[in-house]
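# Understanding the architecture of this molecule
Okay, here's what each chain looks like letter by letter:
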Amino acid sequence: MEKFSLTALAREQLDRARAVPSGRSATTVYGGHEHALRQTVIALAAGQSLDEHENPGEATVYVLTGRIRLVAGDTAWDGSPGDLIVVPNARHALEAIQDAVMLLTVAKQMNHESRPG
């Protein structure tokens with residue numbers, strides 16, 4: 001079993017985001033390409049964004065600190081600490097209204113070989 005302090009990771013990633021020109025920083029907390037589930041702490045300095053992109057699978061964004069806006073087409077959702085936003089299955093972008101840290105959880109379909117039986 002592993003245990004992580006999301007509070008400490010949020011503080012660390014936000015410090016990194018503020019220190020780099022891109023204004024963003026991220027670290028995978030659990031999973032990765034070999035897993036169906038991946039959880040990533042993402043920090044964005046105020047005014048920074050993740051440009052429009054496809055949804056890689058079922059996904060949620062849990063806001064740890066700050067304020068964000070997720071935009072898909074003509075629809076936008078604002079999030080503040082404690083909010084859980086279900087990411088739509090559509091192209092979308094994310095913007096930090098204030099310095100913000102979020103936990104992105106993605107579950108993607110895994111390819112499994114057929115089992116006999």
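Residues numbered from 1 in each chain as written. Predicted model: local features only at pLDDT ≥ 70, side-chain atom pairs only at ≥ 80, totals over all residues. Heavy atoms only, no water.

### Some words on the sheet that holds strand β3 (residues 49-53)
The condition that has to hold: A pair of strands is considered paired only if DSSP assigns at least 2 bridges between the two. Strands are runs of DSSP state E lasting at least two residues, helices are runs of H or I lasting at least four, and both sets are numbered from the N terminus onward. Here an axis means a line fitted to C-alpha atoms, over the contact stretch when the element is a helix, while the angle between two N-to-C directions is reported on a 0 to 180 degree scale.
On the basis of which strands lie adjacent, the open sheet formed by four strands has the order β3-β8-β5-β6 and antiparallel pairing. A strand with exactly one partner marks an edge of an open sheet, and here the two such strands are β3 and β6 (75-79). Mean inter-strand twist for the sheet, computed between neighbouring axes without regard to direction, equals 15°. Pairing geometry for β3 and strand β8 (residues 92-96), over three bridges, is antiparallel. Looking at β8, one finds that H53 is bridged to H92.

### A word on the pattern of salt bridges
Note the following rule: By convention in these notes, a salt bridge is any Lys or Arg side-chain nitrogen within 4 Å of a carboxyl oxygen on Asp or Glu. When accessible area is computed with a 1.4 Å probe and restricted to protein chains, residues below 20% of their type maximum are described as buried, those above 50% as exposed, and intermediate ones as partly exposed.
Counted according to the given criterion, the structure contains six salt bridges. In this structure, D99 engages R18 in a salt bridge whose closest nitrogen and oxygen atoms are separated by 2.8 Å. Of this pair, D99 sits in the loop between β8 and β9 (100-107) while R18 is found in helix α1 (residues 6-19), placing the two residues 81 residues apart along the sequence. Overall, D99 belongs to the partly exposed group, its relative accessible area being 25%. Note that E54 and R91 form a salt bridge whose closest N and O atoms lie 3.0 Å from each other. Residue E54 is located in the loop between β3 and β4 (58-65), and its partner R91 is located in the loop between β7 (84-86) and β8; the two are separated by 37 residues in the primary sequence.

### Considering the sheet that holds β9
Strand order in the open sheet formed by five strands is β1-β2-β9-β4-β7, with antiparallel pairing between adjacent strands. Among the strands making up the open sheet, the edge pair consists of β1 (24-31) and β7. The average undirected angle you get between the axes of adjacent strands in this sheet is 20°. Of the strand pairs in this sheet, β4 and β7 are connected by three bridges, and their pairing is antiparallel. Bridge pairing in β7 links Y62 to L84.

### Remarks on the side chain of Q13
Our working definition: Residues are treated as being in contact if the distance between any of their heavy atoms lies within 4.5 Å.
Counting through the fold element by element, Q13 comes out in helix α1. If we ignore the near neighbours within four places in the chain, the residues touching Q13 are S25, A26, T27, V41 and A43.

### Quick notes on the pairing of β6
In the sheet, strand β5 (residues 68-72) pairs with β6 via five bridges, with the strands oriented antiparallel. Note on β6: the bridge partner recorded for I68 is G79. Once β5 ends, the chain turns through two residues before running back antiparallel as β6, passing G73 with a positive phi of about 65°.

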